[in-house]
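The chain contents come next:
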Protein chains: 4
Amino acid sequence: MARAKDEKKRQTILLAAKTLFSRQGFFNTSVTDITRETGLPVGSIYTYFKGKEEIVRAIVDEGWGDLRNRLVTTVSSAETPEEKLKLIIDQFLPEVLNDLDLVNILLSEAITYTKIEEKVEELSGIILALLKAVAKDNKALSGLDKKMMDTALVVYFLGIMASVKVSRASSIGLKVGDILKFIKYTVGSSLGVDLR
Amino acid sequence: MARAKDEKKRQTILLAAKTLFSRQGFFNTSVTDITRETGLPVGSIYTYFKGKEEIVRAIVDEGWGDLRNRLVTTVSSAETPEEKLKLIIDQFLPEVLNDLDLVNILLSEAITYTKIEEKVEELSGIILALLKAVAKDNKALSGLDKKMMDTALVVYFLGIMASVKVSRASSIGLKVGDILKFIKYTVGSSLGVDLR
Amino acid sequence: MARAKDEKKRQTILLAAKTLFSRQGFFNTSVTDITRETGLPVGSIYTYFKGKEEIVRAIVDEGWGDLRNRLVTTVSSAETPEEKLKLIIDQFLPEVLNDLDLVNILLSEAITYTKIEEKVEELSGIILALLKAVAKDNKALSGLDKKMMDTALVVYFLGIMASVKVSRASSIGLKVGDILKFIKYTVGSSLGVDLR
Amino acid sequence: MARAKDEKKRQTILLAAKTLFSRQGFFNTSVTDITRETGLPVGSIYTYFKGKEEIVRAIVDEGWGDLRNRLVTTVSSAETPEEKLKLIIDQFLPEVLNDLDLVNILLSEAITYTKIEEKVEELSGIILALLKAVAKDNKALSGLDKKMMDTALVVYFLGIMASVKVSRASSIGLKVGDILKFIKYTVGSSLGVDLR
DNA sequence: AATGAATGAGTCTTCATTCAT
DNA sequence: TATGAATGAAGACTCATTCAT
């Protein structure tokens, strides 16, 4: 009896907060803002979340969980490592970059609650395993040691995200498409694989 | 004389604020924190700066100005484009990454007041000109169009900075040295130039 | 049957609340605390009580009723006034002081809802009647007028309770036993009766 | 330069808070209440005190300091221990009981911040020393051991205060004068001294 | 110019109570 | 009747900035 917690309401809060945090930043978004955006009374926000921090954490954790799942799905939907990599770049990466709000929040000053380093490490792990498999029969990659591949992944991943974030915030003439094209070219040529 | 004394105070404020903003974030640093760190009265802060925002802006603008100057100096201290590029990677980049506080702030949520996109564009411009010069006689680069080179620069630059920031904040096993090594290798091989 | 179950729940609430109010104070105890302690849903609390205030009131009234009953029982279980007094001190008072939680609450800020003055007056009345009976043939007491005896009772009673409360809350080297011993001695000697 | 902290303002806050805490209790008094009562803006309250707790603590500590000073002054203004005791009862105690607000707060639920046990111990110490001096040549007292005298002091002191508090809050027919009369009589007769 | 007290809008959060289910 | 989500007024406190001295 009594009402059950309403998952839809929880999502409403999460969605509104995500937009606001992304647009105005975590610290410039007040709980009252979320209240206004959702039309919910303050109390309800606290029925679903312990506080503002827990909201960001939920946004990031759940958003990231989604991405991770998509990565895993993507990877397992192809046979060879080469095809897997191709899918990562053609399918997974565009999906990530599509969720601009999430990217924005991941790199925001609320980074403290965000533990982006853990996420990046997790992702790197998955892709790194793939690269090793590719590398076995690949002259181009065999010259790279593990550390350098790891570094490369982190730099590329964060570089892509930061570029998207910055280019979005400004009138810099950089589009998501440009970035994807660059990555495709770079990865392709460094692996000696045609990802075109 | 009065001027000298003033400028010293101004720098004291700037330095303290830089450390604090980097360590605790812009929004988690109060003007009172700056007051404590500098030992100056609140009033003095407002004698030198219109407000908190103006302090970040000054930190970023002046820090960036420094970097720009160094880049220009570096570039002009070598003859051939190849040598210039080498110096950029061997001298300029390490200098940038040495100023971790500045990097931190540049990428922070205060990005709003920071106009990082303008800075990146400016820097890109300088390097891009160089790359074009190198590219003229370089097969590796002639395949890249202007847009892609531009994109590459932005992605690498922001990727490096974000990696340094993230790796600093966490226990991710990534050192500044690793990142520099990676960049050297990547740029070297993509230009067909030995930057060893 | 339904009644029995109900009454049990009611007592559960009362008991938990008593402990909590005593330990943390009335204002620092939330209805949610009671909820947690009892394992009952909030709604149930309000099924049995109109609100938080009514809970303290019930604790105090029922606790006090108990004490009054014991006092009456005690008093009627002896023959002479002297024996009655002896029992009050030897049996009743220790029982009162044993219920530290009640004492705590009686003297707490919840005094507002508690009408402690009425209780004290009631108690005084009973004992005063006794004292008068004793006094008739007692030189020591005949010098005291009614008013002063009344005052004495109130001061001693509240003094004992406050001492117990305070000594419990702190490391003051005062034990319940010390207080009882003192009272015994004082009353005994002022009545010229040996209560040893 | 700049304004100096205004001791008068601090006292205004303290006085208003004292009245309010005494009348409505600590937890039922909001900082806004203090604001209203004093006419000061919220911020100013926090310029002078870290928070609500610090305000009670200041009220209690300073009020108590006053009392202690008066006690010491009183005690040193007489020659013999007997005269000192007389003054304590005739002069000091009435002064204490005159500050009903303080008494109220000392015994309130905010007792946690109030450390009344320390105060009582301090006071006991002073008076106990006196009593010992009196006891040397006093038959009535020589039967009491130190522990019991200590207990007596605590019980009487708290009993007096609690009685005053309770009688004030209610229509109980107990006046401060009655209480003082009782104490005078009791102490007098137990010491075999005429304090009339 | 230097100082730091003064200010009050705004922040996050709590919590007793109600009421839909 | 039992339940616990819903509610929103109220709470304590912060802090960038101003301005009296």
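Refer to the structure above for everything that follows.
All values derive from a computational prediction rather than experimental measurement.

**Q** What's the story with the overall build of chain A in this structure? I'm lost.
**A** Within chain A, the regular secondary structure consists of 11 helices and zero strands. Along chain A, from the amino end to the carboxyl end, the secondary structure elements read α-α-α-α-α-α-α-α-α-α-α. Once the C-alpha set of chain A is aligned to its principal axes, its extents read approximately 60 × 45 × 25 Å. Among the 196 residues that make up chain A, the fraction classed as buried is 53%. Considering only intrachain contacts with a sequence separation of at least 6, the fraction spanning at least 24 residues in chain A is 68%. Counting only carbon and sulfur atoms, one obtains 52% of the accessible surface of chain A, whose full area is about 9400 Å².

**Q** Quick question: what am I supposed to make of the relation of the copies chain B and chain A here?
**A** A rotation about some axis, followed by a shift along it, carries one copy of the chain onto the other. Aligned on chain A, chain B shows an RMSD of 0.2 Å; the corresponding rotation is 179° and the shift along the axis is 0.0 Å. Expressed as a symmetry operation, the mapping of one chain copy onto the other fits a two-fold axis. For chain B, the smallest separation between a C-alpha atom and the rotation axis is recorded for G159(B), amounting to 1.6 Å. Looking at the interface residues of chain B, 95% of them are also at the interface in chain A, so both copies use one shared face.

**Q** When you look at the protein's contact with DNA strand F in this model, what are you seeing that I'm missing?
**A** The full set close to DNA strand F counts 34 residues, and A2(A), R3(A), K9(A), V31(B) and V31(D) are the nearest of them. Of all atoms in DNA strand F that approach within 4 Å of the protein, 64% are sugar or phosphate atoms. Contact between DNA strand F and R3(D): a sugar or linking oxygen at 3.2 Å from a side-chain N or O atom of the residue. One nitrogen or oxygen atom from the side chain of Y46(D) is found 3.0 Å from a phosphate oxygen belonging to DNA strand F. Broken down by secondary-structure element, the contributors of at least two residues to the surface near DNA strand F are helix 3 (42–48) of chain A, helix 3 (42–48) of chain B, helix 3 (42–48) of chain C together with helix 3 (42–48) of chain D. For the surface near DNA strand F, a count of residues per class yields 15 nonpolar, 12 polar and seven charged.

**Q** What is the right way to read helix 11 (residues 176–191) of chain D from this model?
**A** Owing to its 3.6 residues per turn, the α-helix aligns residues three or four sequence positions apart on the same side. Residue and element names in this part refer to chain D. Taking 1.5 Å per residue as the helical rise, helix 11 with its 16 residues ought to reach 22 Å, and the 22 Å between its terminal C-alpha atoms agrees with that figure. Among all positions in helix 11, only I179, L180, F182, I183, T186, V187, G188 and L191 are buried. G192 sits one or two residues past helix 11 and shows a positive phi near 70°.

**Q** I would appreciate a short explanation of the pattern of salt bridges in the present structure.
**A** Two side chains bearing opposite charge may form a pair once their charged atoms approach each other closely. The final tally for this structure, using the stated rule, is 54 salt bridges over all chains. Between D178(B) and K147(A) there is a salt bridge, with its nearest N and O atoms 3.9 Å apart. Residue D178(B) is found in helix 11 (residues 176–191), and its partner K147(A) is found in helix 10 (residues 146–169); the two belong to separate chains. Exposure remark for K147(A): the relative accessible area of 33% places this residue in the partly exposed category. Two residues, K86(C) and D90(C), come together in a salt bridge whose shortest N-O distance is 3.5 Å. Of the two residues, K86(C) and D90(C) both sit in helix 5 (residues 81–98), four residues apart, roughly one turn of that helix. Residues joined in a network through salt bridges with shared partners are E7(A), R10(A) and E62(A).

**Q** I'm lost on the interface of chain B and chain A in this one. Help?
**A** Where the parts come together, the accessible area they lose is often given as the size of the interface. Taken residue by residue, the interface counts 40 residues in chain B and 38 residues in chain A. When chain B packs against chain A, the two sides together hide about 3400 Å² of surface, and 71% of this comes from carbon and sulfur. One can count one residue pair in polar contact (both at pLDDT 80 or more) joining chain B with chain A. Among the elements of the structure, helix 7 (111–114), helix 8 (116–136), helix 10 (146–169) and helix 11 of chain B are those that each provide at least two residues to the side of chain B that touches chain A. Counting residues per element, the side of chain B that touches chain A draws most heavily on helix 10 of chain B, at 14 residues.

**Q** Sorry, what's going on with helix 10 of chain B here?
**A** The end-to-end C-alpha distance of helix 10 of chain B is 35 Å, a good match for the 34 Å that 24 residues give at a rise of 1.5 Å each. When you tally the buried positions in helix 10 of chain B, you get 20 out of 24 residues, the bulk of the element.

**Q** Any chance you could explain the environment of R70(D) here in plain terms?
**A** Residue and element names in this part refer to chain D. Along the chain, R70 turns up in helix 4 (residues 52–76). In sequence terms R70 and A110 are 40 residues apart; their C-alpha atoms lie 25 Å from each other. Once residues lying within four places of it in the same chain are set aside, the contact partners of R70 are F92 and E95.

**Q** Would you explain the interface of chain C and chain D in this entry?
**A** Contact residues are listed per partner, giving 40 residues for chain C and 38 residues for chain D. Of the roughly 3400 Å² buried where chain C meets chain D, counting both sides, 71% is carbon and sulfur surface. Here chain C and chain D share four salt bridges between them. Counting every contact that joins chain C to chain D gives one residue pair in polar contact (both at pLDDT 80 or more). At the level of elements, helix 7 (111–114), helix 8 (116–136), helix 10 (146–169) and helix 11 (176–191) of chain C are the ones that each hand at least two residues to the side of chain C that touches chain D. If you tally residues by element for the side of chain C that touches chain D, the top one is helix 10 of chain C, at 14 residues. Per-class residue counts for the side of chain C that touches chain D are 23 nonpolar, nine polar and eight charged.

**Q** How should I be thinking about the protein's contact with DNA strand E in this particular structure?
**A** The full set close to DNA strand E counts 34 residues, and Y46(A), V31(C), A2(D), R3(D) and K9(D) are the nearest of them. Atoms of DNA strand E within 4 Å of the protein belong to the sugar or the phosphate in 65% of instances, the rest to bases. The contact in question runs from a phosphate oxygen of DNA strand E to an N or O atom on the side chain of Y46(A), over 2.7 Å. Within the side chain of S44(B), one N or O atom sits 3.1 Å away from a phosphate oxygen of DNA strand E. If you list the elements that add at least two residues to the surface near DNA strand E, you get helix 3 of chain A, helix 3 of chain B, helix 3 of chain C together with helix 3 of chain D.

**Q** It is not clear to me how the packing of helix 8 of chain C against helix 10 of chain C should be interpreted in this structure. Could you clarify?
**A** Residues and elements named next belong to chain C. At a minimum axis distance of 9 Å, the contact between helix 8 and helix 10 shows a crossing angle of 125°. Taken together, helix 8 and helix 10 sit at an angle that is classed as oblique. Between helix 8 and helix 10 the crossing geometry is right-handed. Residue-level inspection shows I116, V120, L123, S124, I127, L128, L131 and K132 of helix 8 in contact with helix 10, the latter providing K146, M149, D150, L153, V154, F157, L158 and M161. For the contact of helix 8 with helix 10, a count of residues per class yields 12 nonpolar, one polar and three charged.

**Q** Could you clarify how one ought to interpret the environment of K9(D) in this entry?
**A** Residues and elements named next belong to chain D. Checked against the element boundaries, K9 lands in helix 1 (residues 7–24). K9 sits 61 residues away from R70 along the chain, and the two C-alpha atoms are 25 Å apart. If we ignore the near neighbours within four places in the chain, the residues touching K9 are L40 and Y48.

**Q** Sorry, what's going on with the environment of L85(D) here?
**A** Residues and elements named next belong to chain D. Tracing the sequence through the fold places L85 in helix 5 (residues 81–98). In sequence terms L85 and G188 are 103 residues apart; their C-alpha atoms lie 9.6 Å from each other. The residues touching L85, leaving out its near neighbours within four places in the chain, are I127, L131, V134 and L191.

**Q** Sorry if this is basic, but what is going on with the packing of aromatic side chains here?
**A** The description of two aromatic rings rests on the distance between their centres and on the angle between their planes. Tallied over the full model, the rule gives 20 aromatic pairs over all chains. Here the aromatic rings of W64(C) and F157(C) are separated by 6.1 Å at their centres, their planes lie at 90°, and the arrangement is edge-to-face. Here the residue W64(C) occupies a position in helix 4 (residues 52–76), and F157(C) occupies one in helix 10, the gap between them amounting to 93 residues. Here W64(C) matches F157(C) in class, with each residue buried. Note on Y156(C) and Y156(D): the rings are 5.7 Å apart at their centroids and 50° apart in plane angle, and the pair reads as tilted. Within this pair, whereas Y156(C) is found in helix 10, its partner Y156(D) is found in helix 10 (residues 146–169), the two belonging to separate chains. Residue classification places Y156(C) among the buried positions, given a relative accessible area of 14%. Grouping aromatic residues by their ring pairs yields a cluster made of F21(A), F26(A), F27(A), F21(B), F26(B) and F27(B).

What counts and what doesn't
Residues numbered from 1 in each chain as written. Chains lettered and ligands numbered in written order. Predicted model: local features only at pLDDT ≥ 70, side-chain atom pairs only at ≥ 80, totals over all residues. Heavy atoms only, no water. Helix = DSSP H or I, 4+ residues; strand = E, 2+ residues; numbered from the N terminus. Buried < 20%, exposed > 50% of the residue type's maximum accessible area, 1.4 Å probe, protein only. Contact = heavy atoms within 4.5 Å. Areas by Shrake-Rupley, 256 points an atom, 1.4 Å probe, with all protein chains shown as cover. Least-squares fit on C-alpha atoms with pLDDT ≥ 70 in both. Near = heavy atom within 4 Å. Polar contact = N/O pair within 3.5 Å; in protein donor to acceptor, adjacent residues only side chain to side chain. Nonpolar A, V, L, I, M, F, W, Y, C, P; charged D, E, K, R; others polar. Expected span 1.5 Å × (residues − 1). Salt bridge = Lys/Arg side-chain N within 4 Å of Asp/Glu carboxyl O. Buried area = accessible area lost by both parts, 1.4 Å probe. Axes fitted to C-alpha atoms, helices over the stretch in contact; angles between N-to-C directions. Parallel < 35°, antiparallel > 145°, perpendicular 65-115°, else oblique. Left-handed = near helix turned anticlockwise from the far one by under 90°. Phe/Tyr/Trp six-rings, centres within 6.5 Å; stacked < 30°, edge-to-face > 60°.

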